[in-house]
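Next come the chains, spelled out residue by residue.
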Amino acid sequence: MRFEKKELENLRSEGDLNLSPHRRDWVAKHIDGETQRWLDLDARYFLHQSLSTPCLNVLSHCEGTYLEDLQGRRFMDFHGNNVHHVGFANRRVIEAIKDQMDKLAFCTRRYTNIPAIKLAEKLAQLAPGELNKVLLAPAGTAAIGMALKLARMATGRFKTISMWDSFHGASLDAISIGGEGIFRKDAGPLLPGTEHVPPPDCYRCLWGCENDCTLKCADYIEYVLGKEGDVAAVIAETVRSTSVIPPAGFWQKVRAACDAHGALLILDEIPHCLGRTGKMFTCQHFDVVPDMLVIGKGLGGGIFPLAALIAREDLDVAPDRALGHYTHEKNPVACAAALATIECLEEENLLANAERMGHYAMNRLRDMMQQHKLIGAVRGLGLLMGIELVKDRQTKEPATEEAERVMYGTLSRGLSFKVTMGNIITLTPPLTITEQEMDKALNILDECLKEIEEYERKTA
Ligand SMILES: Cc1ncc(COP(=O)(O)O)c(C=O)c1O
């Protein structure tokens with residue numbers, strides 16, 4: 001199926017699309033016959049959707065920072081769907097999983113198990129403030145659904161305020177609060193009462209604040225809370241995965257507004273929890289404690305799907321109803337993987353490494369910005385980094401075509417990352433990354449930017 005360029009532009013948000021001409025060119029150049037046969041079979045049997053099938057390539061191994069494909073090529077994975085905090089195929093996590101499988105491989109409902117209890121205790125100890133009650137789920141999306149239900153039950157209200165461009169998962173309730181067209185388009189009536197507000201984006205500030213921020217974005221949330229009067233919760237990603245970092249004071253203002261209007265604050269830290277930003281939880285950078293924190297992704301050690309809702313102790317208000325009740329709720333193997341992951345993060349000082357390597361990379365990215373006009377902005381918090389490519393620094397017109405070419409160019413040189421919103425190169429390497437690996441990746445990126453700028457000059 002061929003799509004018009006304009007149609008594709010409107011769908012760019014969560015990741016690179018599999019329908020673009022650049023994708024077709026890359027496949028034609030790099031994929032051999034055997035891999036193509038597997039890709040064809042994959043496309044034959046999986047439902048097609050724009051962020052996955054048809055796929056780009058077939059993987060055979062992953063370890064540490066690297067992916068390896070069927071053709072034996074290795075790629076540094078600076079995306080990893082944000083699950084590879086402790087590196088792919090982490091030995092400690094694998095051993096914990098194997099050991100647990102030999103002891104208790106599943107936990108039937110009505111029973112509990114020691115790894116699950118230890119994990120809930122550990123998460124309650126780690127989480128800030130009164131966030132002491134845990135509910136586990138097999139996916140971040142499911143945990144978001146549980147948070148929405150608990151907010152309704154605890155407040156007796158159903159409305160929410162969330163942000164345009166945000167992502168909270170792919171189910172109907174999650175896309176109702178999410179703000180990305182690619183998920184919402186053609187999905188039919190979504191949940192009622194889901195108000196959306198603009199995200200706090202200092203680079204593209206809708207309120208025109210830019211370098212002179214007066215927190216109008218937070219004031220607007222307070223305004224909507226007041227107008228509606230009966231909002232159950234404000235739900236948002238503490239920091240957007242495109243590394244759109246809210247301005248200082250934003251979360252405190254929103255927290256105060258929620259308190260003033262009887263709304264709960266739910267922060268979605270599914271991709272960045274457990275240290276990606278250099279702190280265990282992203283909200284700790286902003287000195288704010290939500291009423292509920294939703295985590296996932298890296299929690300399963302890059303192997304198991306596992307997420308958690310961590311709620312304020314006094315929100316334990318629904319003992320007579322079912323909030324989650326997922327088949328794999330207290331899966332002992334997933335919980336053993338999570339415990340081993342947290343041990344790894346703590347004992348190997350991976351949060352400190354995330355902070356140190358994040359600083360190191362940001363310095364290099366700032367230098368690269370001096371060299372490359374294509375870079376309009378660089379942002380980062382620990383090992384969540386974003387490079388916004390623009391055609392012109394004044395107009396800030398997104399350089400989507402160029403971003404895609406950079407992405408396929410780096411892939412050919414062994415570096416994989418995600419492009420979000422069409423023009424933002426998002427870098428999220430594992431927390432185990434070394435300086436040498438970081439240099440290698442940034443050198444590849446630098447080379448590709450040079451090459452593309454050179455091409456632009458020649459064809460101008
Ligand atoms: C911010 C955010 N929330 C929720 C989710 C959904 O998590 P899952 O894919 O585990 O359901 C994601 C996944 O990318 C995410 O990035």
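Residues numbered from 1 in each chain as written. Predicted model: local features only at pLDDT ≥ 70, side-chain atom pairs only at ≥ 80, totals over all residues. Heavy atoms only, no water.

### Structural notes on the site of the ligand
Around the ligand sit Ala 139, Gly 140, Thr 141, Phe 167, His 168, Gly 169, Glu 237, Asp 268, Ile 270, Pro 271 and Lys 297, and that is every residue in its neighbourhood. Between the ligand and Asp 268 there is a distance of 2.6 Å, counted from a nitrogen atom to a side-chain nitrogen or oxygen. Between the ligand and Lys 297 there is a distance of 2.7 Å, counted from an oxygen atom to a side-chain nitrogen or oxygen. About the coverage of the ligand: the protein hides 81% of its 390 Å² of free accessible area. A class-by-class count of the residues in the shell around the ligand yields four nonpolar, four polar and three charged. (Near = heavy atom within 4 Å. Polar contact = N/O pair within 3.5 Å; in protein donor to acceptor, adjacent residues only side chain to side chain. Areas by Shrake-Rupley, 256 points an atom, 1.4 Å probe, with all protein chains shown as cover. Nonpolar A, V, L, I, M, F, W, Y, C, P; charged D, E, K, R; others polar.)

### Considerations on the sheet that holds strand 14 (residues 418–420)
As a general point, the strands of a sheet are linked pairwise by backbone hydrogen bonds and lie either parallel or antiparallel. The strand order across the open sheet built from four strands is 11-12-15-14, with neighbouring strands paired in antiparallel fashion. Strands at the two margins of the open sheet, each flanked by one partner only, are strand 11 (375–381) and strand 14. Looking at each pair of strands side by side, their axes are set apart by 25° on average, direction ignored. Here strand 14 pairs with strand 15 (residues 424–427) via three bridges, running antiparallel. Its bridge partner lying in strand 15, Thr 420 is registered against Ile 424. (Pairing = 2+ DSSP bridges. Helix = DSSP H or I, 4+ residues; strand = E, 2+ residues; numbered from the N terminus. Axes fitted to C-alpha atoms, helices over the stretch in contact; angles between N-to-C directions.)

### Regarding the packing of helix 2 (residues 21–30) against helix 13 (residues 400–412)
Packed helix pairs are specified by the crossing angle of their axes together with the interaxial distance, meaning the distance between the axes. One way to put it is that helix 2 packs onto helix 13 with a least axis distance of 10 Å and a crossing angle of 20°. Between helix 2 and helix 13, the crossing angle belongs to the class labelled roughly parallel. Note that helix 2 runs across helix 13; the crossing there is right-handed. Every residue of helix 13 that contacts helix 2 at His 22, Arg 23, Trp 26 and His 30 is listed here: Glu 401, Glu 404, Arg 405, Tyr 408, Leu 411 and Ser 412. Looking at side-chain class alone, the contact of helix 2 with helix 13 contains three nonpolar, three polar and four charged residues. (Parallel < 35°, antiparallel > 145°, perpendicular 65-115°, else oblique. Left-handed = near helix turned anticlockwise from the far one by under 90°. Contact = heavy atoms within 4.5 Å.)

### Digging into the packing of aromatic side chains
Across all of its chains, the model carries four aromatic pairs by this definition. Here Tyr 220 and Tyr 223 contribute two aromatic rings whose centre-to-centre distance is 6.0 Å and whose plane-to-plane angle is 20°, an arrangement assigned as stacked. You can see Tyr 220 and its partner Tyr 223 sitting in helix 9 (residues 216–228), three residues apart, about one turn around the helix. Seen from their ring centres, Phe 250 and Trp 251 are 4.9 Å apart, and the 75° between their planes marks the pair as edge-to-face. Considered together, Phe 250 and Trp 251 belong to a single accessibility category, that of buried residues. Ring pairs connect the aromatic residues Trp 207, Tyr 220 and Tyr 223, which therefore count as one cluster. One Lys or Arg, Arg 74, reaches over the ring of Tyr 66 and ends 4.1 Å from the middle of that ring. (Phe/Tyr/Trp six-rings, centres within 6.5 Å; stacked < 30°, edge-to-face > 60°. Buried < 20%, exposed > 50% of the residue type's maximum accessible area, 1.4 Å probe, protein only. Lys NZ or Arg CZ within 6 Å of the ring centre and 35° of its normal.)

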